[in-house]
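Below are the chains, spelled out letter by letter.
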Amino acid sequence: MSLPVVQPAEEGTELRYDGCVLSLIPPMTQLNTPYPSTAYLTGFLRSRGVRAVQADLAHGLVLSILSQQGLRSVRSEAAEPANAAANKSPSVRSFLKQFERYESTIDRVIRFLQGTDPTLAHRIVTRTFLPEGPRFESLDRFEADPETGDDPLLWAFGVLGVQDKARHFCTLYLSDLADVIRDAVDERFEFVRYAESLAQSQPTFEPLAQALATSQTLLDRVLEQLTLDVVRKHDPNVVLITVPFPGTVYAAFRMAQTIRRQHPTIRIALGGGYANTELRQLKEPRVFDYFHYVMLDDGERPILAMLEHLSGRRSEEHLVRTYHRCSDSGSVIYRNHPEPDVPFSQVGTPSWDGLDVGAYLSTLDLLNPMHRLWSDGRWNKLTIAHGCYWKKCSFCDISLDYISRYDTAAASLLADRITEIVQETGQTGFHFVDEAAPPKGLESLAQELLRRKIQISWWGNIRFEKTFTPDLCQLLAESGCIAVSGGLEVASDRLLKLMKKGVSVAQVARVTRAFADNGILVHAYLMYGFPTQTLQDTVDSLEYVRQLFENGCIHSGFFHRFTCTVHSPVGRAPNEYGVTLKPLSEITFACNDVEFVDPTGVDHDKLGRALSKGIYNFMHGIGLDADVREWFEGKVPRTTVSPRFISNALRGRD
Ligand code: B12
């Protein structure tokens, strides 16, 4: 029988749905703060009168494994005769040898990283408290000052930086344990991604299907228990599982497998950044042995439609952006009844209620200063606008909804959301998670925050465009801006133009310097291996970066290798960028990255090592006066960039 179509509930009105909706974050995401999708969906559903709850099983898994009991289980696995090869790994050997010290310190370390036992820092920095594994060798690269004999870590943490130093040591301790888990329990494990390669750009479901059919690892068993516990606690009718990145997909399927086996009446849906990016050509029926629905793009409208369908008020044909398996033919059907998305102004305030925000771990890596913000501290995550206002960059997935549909909200509404979030979480730090926060939107928000005397700190990603004048940067700093990141990509005016980035190197210098002059940390996203990039472009790009550090424009940066995706302008029209795509195999599951042939034939892998080495040293103020050719192995051409290019640009001369 086909059900009548109902008009979607009026914006702002309540949805009649009696059941409970549980949103879950699968392992692994981040240690320091929850990934925000469940907070967004929970806040939205509650604003529509739906009983909505959430849990973060990534965090749950970390706390279970990093406990006395968890480490005992890891030791049992490591000591298994079948793991003889793994026992040979230096991490495992060190762990087994020092097991009693790990067992007696783990709970203290976790409480310290949760911020509940700060005085332990003094003990940790003595380096007699924690057992040390191979990861601590990284400290050896810091040599003592030959003249003064000063503490080798002085440059990083200063004289008073006891808390930071202790956090860094604890991070090395956890990294050793992650290596042990990888070597002795599950080779696919890392703290920020789990079994990523089974999902990332995997044309068929086969590798994932095989992994899901094999016997459970220790991590799978712990995850199964956590899943059953959370379902028992909330007794939901619907479970929403979010997959923001490929490194969460395997665990999401394991969770669905558990729920489906033990609670067959619960309806399970999958969605999130990974689905939105990689599952747009889904044809694999076996996915629906785990999930009832897979949904694309923003979840609000498709979830409302699903709940209406489940409460008998909407037919299956009228689901929105939803794949399901046809009960007759067994094949996958995509339903997309055309209905407008919920406007950004009406998605409600994200709610972290139900997540134990105080129990996340503030770790500290020394990769770069921006990385510190990603991995340290509990940030409330908020979007200033939906989508990107620029949406032209040719390397970016601009054909996808989360970039292409730009939709804003008034500054007063954003300030209301900020106030509510601070009240709920007690935290005043915000990470604005926009792809590129709009300058006009930031300006009005800053004015509103100042007018209402709302004290927060915030950081986020922007484009280094000329709208960010010194005056605007000052206003943003006064409103609480502490850091910005932005793409300089390949620092080359020719390539920036080809990328349609809409900025020039000289302009980036002026904008970044305006931020830096206002005490704001500036991080540059850099890229190498873009189509047609020559060896000369790469040398010149590192020279621009050197000068940007030398002139105090940027403090932090990272070179990423360009990857071509099928959703980007380069992937859609490769000939316009002078490259040819390698043919993709038939897609029935995921699709994103696509390999290409660039006639320049440059060995970008080799150059990438030089770029990483160079920038890492620049961040520590090393090598700023040297010729950039020194960072490269073998002979490379001299830079064609004038040594005063950036200082001239700062004086207004391009
Ligand atoms: C900010 C950001 C980051 C930050 C913070 C990440 C974090 N852990 O919080 C940083 C810079 C650290 C980062 C790192 C990475 N990121 Co990132 N990141 C983003 C960005 C720009 C915003 C994420 C966000 O917070 N959005 C706000 C939330 C609320 O949106 P959302 O999760 O998409 O949720 C909505 C919908 O997806 C949907 N939804 C979500 N869950 C569910 C569930 C169900 C059942 C349904 C129906 C719907 C649904 O409804 C929600 C509300 O509308 C996105 C792109 C984007 N615009 O979304 C990329 C994005 C998620 N990142 C991506 C990637 C690949 C990564 C990295 C793996 C990169 C790398 N190689 O290191 C790492 C992984 C880091 C980690 N392990 O935590 C990709 C993932 C694509 C893919 N192939 O899977 C994205 C989509 C960007 C892209 N196209 O490249 N990232």
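Rules used in this analysis
- Residues numbered from 1 in each chain as written.
- Predicted model: local features only at pLDDT ≥ 70, side-chain atom pairs only at ≥ 80, totals over all residues.
- Heavy atoms only, no water.
- Helix = DSSP H or I, 4+ residues; strand = E, 2+ residues; numbered from the N terminus.
- Expected span 1.5 Å × (residues − 1).
- Buried < 20%, exposed > 50% of the residue type's maximum accessible area, 1.4 Å probe, protein only.
- Pairing = 2+ DSSP bridges.
- Axes fitted to C-alpha atoms, helices over the stretch in contact; angles between N-to-C directions.
- Contact = heavy atoms within 4.5 Å.
- Near = heavy atom within 4 Å.
- Polar contact = N/O pair within 3.5 Å; in protein donor to acceptor, adjacent residues only side chain to side chain.
- Nonpolar A, V, L, I, M, F, W, Y, C, P; charged D, E, K, R; others polar.
- Parallel < 35°, antiparallel > 145°, perpendicular 65-115°, else oblique.
- Left-handed = near helix turned anticlockwise from the far one by under 90°.
- pLDDT = per-residue confidence, 0-100.
- Disulfide = S-S within 2.5 Å.

### Some thoughts on helix α18 (residues 439-451)
- With 13 residues, α18 should reach 18 Å at 1.5 Å per residue; the first-to-last C-alpha distance of 18 Å fits that figure.
- Where α18 is concerned, the buried positions are Pro439, Leu442, Leu445, Ala446, Glu448 and Leu449.
- Just beyond α18, the residue with positive phi is lysine 453, at close to 55 degrees.

### Brief notes about the sheet that holds strand β2 (residues 51-56)
- Sheet architecture is open: seven strands sit in the order β2-β1-β3-β4-β5-β6-β7, paired in mixed fashion. Sheet topology places β2 and β7 (332-335) at the edges, where each strand pairs with a single neighbour. Direction aside, the axes of adjacent strands within the sheet are offset by 25 degrees on average.
- Both strand β4 (residues 267-271) and strand β5 (residues 293-295) contribute to a ladder of two bridges, which runs parallel. Considered in β5, the bridge of leucine 270 is made with valine 294.
- The strands that helix α1 (residues 37-47) touches are β1 (20-25), β2 and β3 (238-242); relative to β2, the one it contacts most, it runs at about 170 degrees.
- Taken strand by strand, helix α14 (residues 300-310) contacts β1, β3, β4, β5 and β6 (322-325), and its axis lies near 155 degrees from that of β5.

### Topic: the sheet that holds strand β14 (residues 521-528)
- Read across the open sheet, the six strands follow the order β8-β11-β12-β13-β14-β15; overall the sheet is parallel. A single partner strand is all that each edge strand has here, and the edge strands are β8 (380-382) and β15 (556-561). Across this sheet, the average inter-strand angle for adjacent strands is 20 degrees, counted without regard to direction.
- Note: β8 against strand β11 (residues 429-432), three bridges, orientation parallel. Within β11, the position partnered with lysine 381 by the bridge is histidine 431.
- Lying over the sheet, helix α21 (residues 505-517) contacts β12 (457-462), β13 (481-489) and β14, oriented at roughly 150 degrees with respect to β14.
- Sheet strands in contact with helix α22 (residues 535-550) are β13, β14 and β15, and its direction is about 165 degrees off that of β15.

### Thoughts on the site of the ligand
- The local shell around the ligand holds 38 residues, among which Gln30, Tyr35, Thr242, Lys381 and Tyr402 are the closest.
- Within the side chain of glutamate 278, an N or O atom sits 2.8 Å from a nitrogen atom of the ligand.
- In this structure, an oxygen atom belonging to the ligand sits 2.4 Å away from a side-chain N or O atom of lysine 381.
- Those elements giving two or more residues to the shell around the ligand turn out to be α1, β3, β4, α13 (273-278) and α14.
- If one sorts the elements of the shell around the ligand by residue count, α13 sits on top with five residues.
- Here the residues of the shell around the ligand sort into 18 nonpolar, 12 polar and eight charged.

### Points about the packing of α1 against α14
- Running from amino to carboxyl end, α1 crosses α14 at an angle of 50 degrees, the nearest separation of the two axes being 11 Å. Classified by the angle their axes make, α1 and α14 are oblique. For the crossing formed where α1 meets α14, the hand is right-handed. Contacts from Leu41, Phe44 and Leu45 of α1 reach α14 at Glu300, Ile303, Leu304 and Leu307.
- Class assignment for the residues of the contact of α1 with α14 results in six nonpolar, no polar and one charged.

### Considering the side chain of histidine 309
- Tracing the backbone shows histidine 309 in helix α14.
- For histidine 309, the side chain forms a polar contact with the main-chain oxygen of arginine 314, separated by 2.8 Å.
- When sequence neighbours within four positions are dropped, the list of residues in contact with histidine 309 reads Tyr293, Arg314, Ser315, Glu316 and Leu319.

### Overview of the confidence of the model for the protein chain
- With 94% of its residues at a pLDDT of at least 70, the protein chain reaches an overall mean of 93.
- Considering only residues more than four positions removed or in separate chains, one finds that residues 1-9, a stretch of pLDDT under 50, has 18 contacts.

### Some thoughts on the state of the cysteines
- All told, the structure shown has zero disulfides when counted by the stated rule.
- Its sulfur unpaired, cysteine 591 is 11 Å from the next cysteine sulfur, which belongs to cysteine 564.
- Under the relative-accessibility criterion, cysteine 591 is labelled buried at 4%.

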